[in-house]
Amino acid sequence: MADAGHGTGGPQPGARTARPPGPAEPDPQRWRALVVCLIAGFMTLLDVSIVNVALPTVRAGLHMGQSGLQWVVSGYALAFGLALVPAGRIGDARDRRSVFLFGLALFTAASALAGAAQNEAWLIVARLVQGFAGGIVVPQVSGFIQTSFPGPERGRAFGMLGAVIGVSTAVGPLLGGLLIHVFGPQDGWRWVFLVNVPIGVAALPVAHHLLPARRPPPGGRRHSDLDPVGVLLLGTGTTALLLPFVQEQWHGTARWLLVPAALGVLTAFVAWETRYGRSREPLVSMDLFARRSYAAGTLISLAYFAGFTSVFFVFTLYLQAGLHYSALAAGLAITPFALGSGAAAALGGRMVARHGRRLVAVGLATVLAGLAGAALAAHFGSGPAVGWATAGPLLLAGIGSGLVIAPNVTVTLQEVPVARAGSAGGVLQTAQRLGSAVGIAVVGSVFLSHAAGGPHAWSTAFDTGIAVSAGFVLVSLTVATADIRRGRREPADRD
């Protein structure tokens, strides 16, 4: 502020006050604020996978049926996916810090409620609220990065977010198994939820202090309309699309009729948003998908998360049910993937500015090589030896994953206007959640159908499941390669 005292005329101080902070004046507390955001994001994403290894003790502790257990897992994913886009839009339109704090407080309270559950209905409701709160928190993190970090710093920040996404998903089974091992099978499952409470309570005041306050959006009241019809159509379509995949207890083929119904509703959503966006700010601007990088990145996320998350589902089932590993031992066997993913994500965030989507393609190819190696290595041992044999290939796959998630987020959002950062990030996260639900349903169905052949069928089931997961990753690689080729042609087209 020393410049204001160098008498060059009265208007100068006023001009400095009127000019909003831009990329040249970043928030000095942005890195500390990012750490708090990533801790909150880690908790919400961890709860996607940490519950899986606790399900047997949950069933025993609350005398739950299979349908109830399914809703403990799928209800969280469903509510999470429903909240992402509207919450991102509200963060764009109103005050991202307030929305983040509300979501974090609700998630902390819901975690305490889940840990204190006394019956099946109680736990399911708590998980639904917990998932909804997680869906409120996550798009604020990507929106915060988009608005607070200029230039190359944004790639590093997204690299840290990518590490959180990859590590939280991979480390969930390990942390869940460890908590059950420490606190015992009777109460260990409660600590799978209660571990969030002290972290959330400590993070709330720090987040309030460090996160930047609202900056008025360009155009004043332009962003005040939250498009309730768009929210209703997107929520209905997303629910109808996810339900057949997350509710596996619905037997028969009738549940799949929801898929064409969902596609019809989502088509109506696109038509509404296109029309609505001509005069007002829509929930999701269809202009986003006219950007090659955003459209391709969303498709890559959808297909990659279908393969990425289903690997852990198949691997933990194979180890626990097929090879009789404990929950802790199964979690430890997957740890190399988490280590590789976390290390490579930070590196990928620094490299993405130079290599762009090519880095994502290299990461996808590395994941495929790691998965193929893990499938082969599983046949070179039996019992405990399988975990050691697959450690190297899983580490390689994790390194590849670290070069996919964060760089893909960075490249996908790099051309998105800052005013739409939250809603664009919410759509991208919704694609990830939808991909996860579809992947686990498809790969899980293939795996379990082969495993039903008898005690010696587990190995075949594992190979088949990994092959289907790799197929989803291959789809992502195909999209990334096509995007790279289009990017090379575009300069010539402009000329």
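Residues numbered from 1 in each chain as written. Predicted model: local features only at pLDDT ≥ 70, side-chain atom pairs only at ≥ 80, totals over all residues. Heavy atoms only, no water.

Let us now look at the confidence of the model for the protein chain. Confidence in the prediction of the protein chain, expressed as mean pLDDT, is 82, and 89% of residues score 70 or more. Highest mean pLDDT in the protein chain belongs to helix α5 (residues 96–115) (95); lowest belongs to helix α1 (residues 11–18) (42). Contacts for the low-pLDDT stretch residues 1–24, under 50 throughout, to residues beyond four places or in other chains number 8 contacts. (pLDDT = per-residue confidence, 0-100. Helix = DSSP H or I, 4+ residues; strand = E, 2+ residues; numbered from the N terminus. Contact = heavy atoms within 4.5 Å.)

Turning next to the environment of V229. Within the secondary structure layout, V229 lies in helix α9 (residues 228–246). In this structure the C-alpha to C-alpha distance between V229 and F269, which are 40 residues apart in sequence, comes to 8.6 Å.

Even without glycine at this site, H63 takes up a positive phi of about 55°. Take H63: its relative accessible area is 71%, and that puts it in the exposed class. Phi at H324 takes a positive value of approximately 65°, unusual for a residue other than glycine. Structurally, H324 can be placed in the loop between α11 (292–322) and α12 (327–355). H324 gets classed as exposed once you look at its relative accessible area, which sits at 66%. (Buried < 20%, exposed > 50% of the residue type's maximum accessible area, 1.4 Å probe, protein only.)

Attention now goes to the side chain of T298. With respect to the helices and strands, T298 occurs in helix α11. For T298, a relative accessible area of 11% corresponds to the buried category. In this view, T298 contacts F289, T412, L428 and A431; residues no more than four positions away in its chain are not counted.

Scanning all chains against the criterion turns up 5 salt bridges. Two residues, R30 and E153, come together in a salt bridge whose shortest N-O distance is 2.8 Å. Of this pair, R30 sits in helix α2 (residues 30–49) while E153 sits in helix α7 (residues 151–194); the two residues are 123 residues apart in sequence, bridging distant segments of the chain. A salt bridge links D92 to R96; the shortest N-O distance between them is 2.3 Å. Per residue, the accessibility class of D92 equals that of R96, and both read buried. Taken together, the shared-partner salt bridges in this structure form one network comprising R292, R357 and D483. (Salt bridge = Lys/Arg side-chain N within 4 Å of Asp/Glu carboxyl O.)

Moving on: the packing of aromatic side chains. Within this structure, the stated rule accounts for 16 aromatic pairs. Between F144 and F149, the ring centres sit 5.9 Å apart and the planes meet at 90°, which makes this aromatic pair edge-to-face. In this pair, the class of F144 matches that of F149, namely buried. The ring of F80 carries R433 above its face, with NZ or CZ at 5.6 Å from the centroid. (Phe/Tyr/Trp six-rings, centres within 6.5 Å; stacked < 30°, edge-to-face > 60°. Lys NZ or Arg CZ within 6 Å of the ring centre and 35° of its normal.)

Attention shifts here to the nonpolar core. Membership of the largest hydrophobic core comes to 101 residues, with the highest contact counts inside it found for F100, I145, Y304, L319, L364, L413 and F462. In terms of residue count, α11 provides more of this core than any other element does, 12 residues in total. A54, A114, I124 and W189 belong to the second largest nonpolar core, which has 23 residues in total. (Core = buried A, V, L, I, M, F, W, Y, C linked by side-chain atoms within 4.5 Å.)

All right, on to the side chain of R89 then. As for its position among the elements, R89 is in helix α4 (residues 66–93). Here P282 takes part through its backbone oxygen, which lies 3.2 Å from a polar atom of the side chain of R89. (Polar contact = N/O pair within 3.5 Å; in protein donor to acceptor, adjacent residues only side chain to side chain.)

In this section: the layout of surface pockets. Taken as a whole, the largest pocket spans an internal volume of roughly 920 Å³. Around the largest pocket, the lining is made up of 33 residues, and of these N52, L55, V73, F313 and I440 lie nearest the centre. Contributions of two or more residues to the lining of the largest pocket are made by α2, α3 (55–62), α4, α7, α9, α11 and α17 (421–451). Across the lining of the largest pocket, the residue classes break down as 18 nonpolar, 11 polar and 4 charged. (1 Å grid on protein atoms, 1.4 Å probe; cavity = no way out; pocket = protein on both sides within 12 Å on 5 of 7 lines; lining within 4 Å. Points joined across faces, edges and corners; volume = space filled by probe spheres on them. Nonpolar A, V, L, I, M, F, W, Y, C, P; charged D, E, K, R; others polar.)

Look at α7 against helix α16 (residues 405–413): their axes get within 7 Å of each other, and the N-to-C directions meet at 135°. Viewed along their axes, α7 and α16 adopt a mutual orientation that is oblique. Crossing of α7 against α16: the hand is right-handed. Residue-level inspection shows G155, F158, G159, G162, I165 and G166 of α7 in contact with α16, the latter providing I405, A406, V409, T410 and L413. (Axes fitted to C-alpha atoms, helices over the stretch in contact; angles between N-to-C directions. Parallel < 35°, antiparallel > 145°, perpendicular 65-115°, else oblique. Left-handed = near helix turned anticlockwise from the far one by under 90°.)

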